[in-house]
Amino acid sequence: MYTQKGKRMAGRPVNHERRAELLDAVVDYTVEHGFDGLTWRPIAAALGESPTTLVHRFGSKDQMLQEVLGRLRERILTATAHTTSEEGADLRVHARAVWERTSDPARGGEFRLFFAVYGRALQAPGPFADFLGHVVADWMTALRRVQGPDVEPAAATRTATLVIATLRGLLLDLLATGDRDRVQDAAEGFLSSL
């Protein structure tokens, strides 16, 4: 920032707590409204902020969307992290916790957003490189870990891949059809087989 005489002035220090509060509010707004046609003005109006404040805090809309996705990822990982640290936790326990969290009807908006962004990221990977880098890797790491140190790494990776693909496929089916009874029955069958 510069004064009228061209002297450099120090910018305001970043208020990380306020930025985190704004990010959570933006995440909630985006989950409710989606990201197609997302513009600064409606978000700013809904949050009681100016568009300039949001641009200052987040940069471009793509940067903001990356941060929204990162926060959603944090929420999911935090909600299921206890299953990887509990005494005697195993693959079935962790996979069930992930399924219960992701298939919770209260979380439907989060996962509709997740799949919408996933589709966009596959078509235009450049701006979504961070998302694509984490979309499988986060769960893969946790699912390999809960299988224990005695499981051969290639087998642990293969099993983790099948769990991720199956749970995501079931979730996509649930969101697309709303047929909770059928999908839940299939999920129970899968989880019991682990």
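So, about the overall build of the protein chain. Regarding its fold elements, the protein chain presents 11 helices and zero strands. The linear arrangement of helices and strands in the protein chain, starting from the amino end, is α-α-α-α-α-α-α-α-α-α-α. Nonlocal contacts in the protein chain, meaning residues at least 24 apart in sequence, comprise 62% of its contacts between residues at least 6 apart. About 11,100 Å² of surface is accessible on the protein chain, with carbon and sulfur atoms providing 54% of the total.

What follows deals with helix α10 (residues 153-177). Look at α10: 36 Å from first C-alpha to last across 25 residues, which is about the 36 Å you get at 1.5 Å a residue. Residues of α10 that are buried: A156, A160, V163, I164, L167, R168, L170, L171 and L174. Of the surrounding secondary structure, the elements contacted by the buried residues of α10 are α6 (91-103), α7 (108-123), α8 (129-135), α9 (137-146) and α11 (180-193).

Moving on, we get to the side chain of R168. Assignment of secondary structure puts R168 in helix α10. With no salt bridge to any partner, buried R168 finds its closest opposite charge in D138, at an N-O distance of 7.6 Å. For R168, the residues in contact, after removing those within four places along its chain, are F114, F115, Y118, V135, V136 and W139.

On average, residues of the protein chain score 85 in pLDDT, and 88% of them reach the 70 mark or higher. Model confidence for the protein chain, summarised as mean pLDDT per element, is weakest for helix α5 (residues 82-85) at 60 and strongest for α11 at 98. Note that residues 1-10 has pLDDT below 50 and, in this model, six contacts with residues that lie over four places away or in other chains.

The next subject is the packing of aromatic side chains. In total, this model carries five aromatic pairs according to the counting rule given. Measuring from centroid to centroid gives 5.4 Å for F114 and Y118, while their planes differ by 75 degrees, and the two rings are edge-to-face. Taken as a pair, F114 and Y118 lie in helix α7 at a separation of four residues, close to a single helical turn. Taken together, a centroid distance of 5.7 Å and an interplanar angle of 85 degrees make the contact between Y118 and F131 edge-to-face. Within this pair, whereas Y118 is found in helix α7, its partner F131 is found in helix α8, the two being separated by 13 residues in sequence. By the burial criterion, Y118 is buried, and F131 matches it. Cluster of aromatic residues (ring-pair linked, three or more members): F111, F114, F115, Y118 and F131.

Within the secondary structure layout, A20 lies in helix α1 (residues 16-33). Among the residues examined, A20 registers a relative accessible area of 28% and is labelled partly exposed. Separated by 37 residues in the primary sequence, A20 and R57 have C-alpha atoms spaced 9.9 Å apart.

Below, the discussion takes up the environment of L23. Note that L23 resides in helix α1. The exposure class assigned to L23 is buried, which follows from its relative accessible area of 5%. Along the primary structure L23 and E67 are separated by 44 residues, whereas in three dimensions their C-alpha atoms are 7.6 Å apart.

Below, the discussion takes up the pattern of salt bridges. Taken as a whole, this structure holds 14 salt bridges when the rule is applied. We note a salt bridge from D24 to R75, for which the minimum N-O separation is 3.3 Å. Remark: R75 occurs in helix α4 (residues 61-80) and D24 occurs in helix α1; sequence separation between them is 51 residues. A residue is classified by how much of its surface remains accessible, and D24, at 26% relative accessible area, is partly exposed. According to the relative accessible area criterion, R75 is partly exposed, its value standing at 22%. For E74, the salt bridge goes to R71, with nearest N and O atoms at 3.2 Å. Here E74 and its partner R71 are both found in helix α4, three residues apart, which amounts to about one turn of the helix. On the basis of relative accessible area, E74 is assigned to the partly exposed category, the value being 44%. Note on R71: relative accessible area 16%, which makes it buried.

Cut-offs applied
- Residues numbered from 1 in each chain as written.
- Predicted model: local features only at pLDDT ≥ 70, side-chain atom pairs only at ≥ 80, totals over all residues.
- Heavy atoms only, no water.
- Helix = DSSP H or I, 4+ residues; strand = E, 2+ residues; numbered from the N terminus.
- Contact = heavy atoms within 4.5 Å.
- Areas by Shrake-Rupley, 256 points an atom, 1.4 Å probe, with all protein chains shown as cover.
- Expected span 1.5 Å × (residues − 1).
- Buried < 20%, exposed > 50% of the residue type's maximum accessible area, 1.4 Å probe, protein only.
- Lys, Arg positive; Asp, Glu negative; His and termini not counted.
- Salt bridge = Lys/Arg side-chain N within 4 Å of Asp/Glu carboxyl O.
- pLDDT = per-residue confidence, 0-100.
- Phe/Tyr/Trp six-rings, centres within 6.5 Å; stacked < 30°, edge-to-face > 60°.

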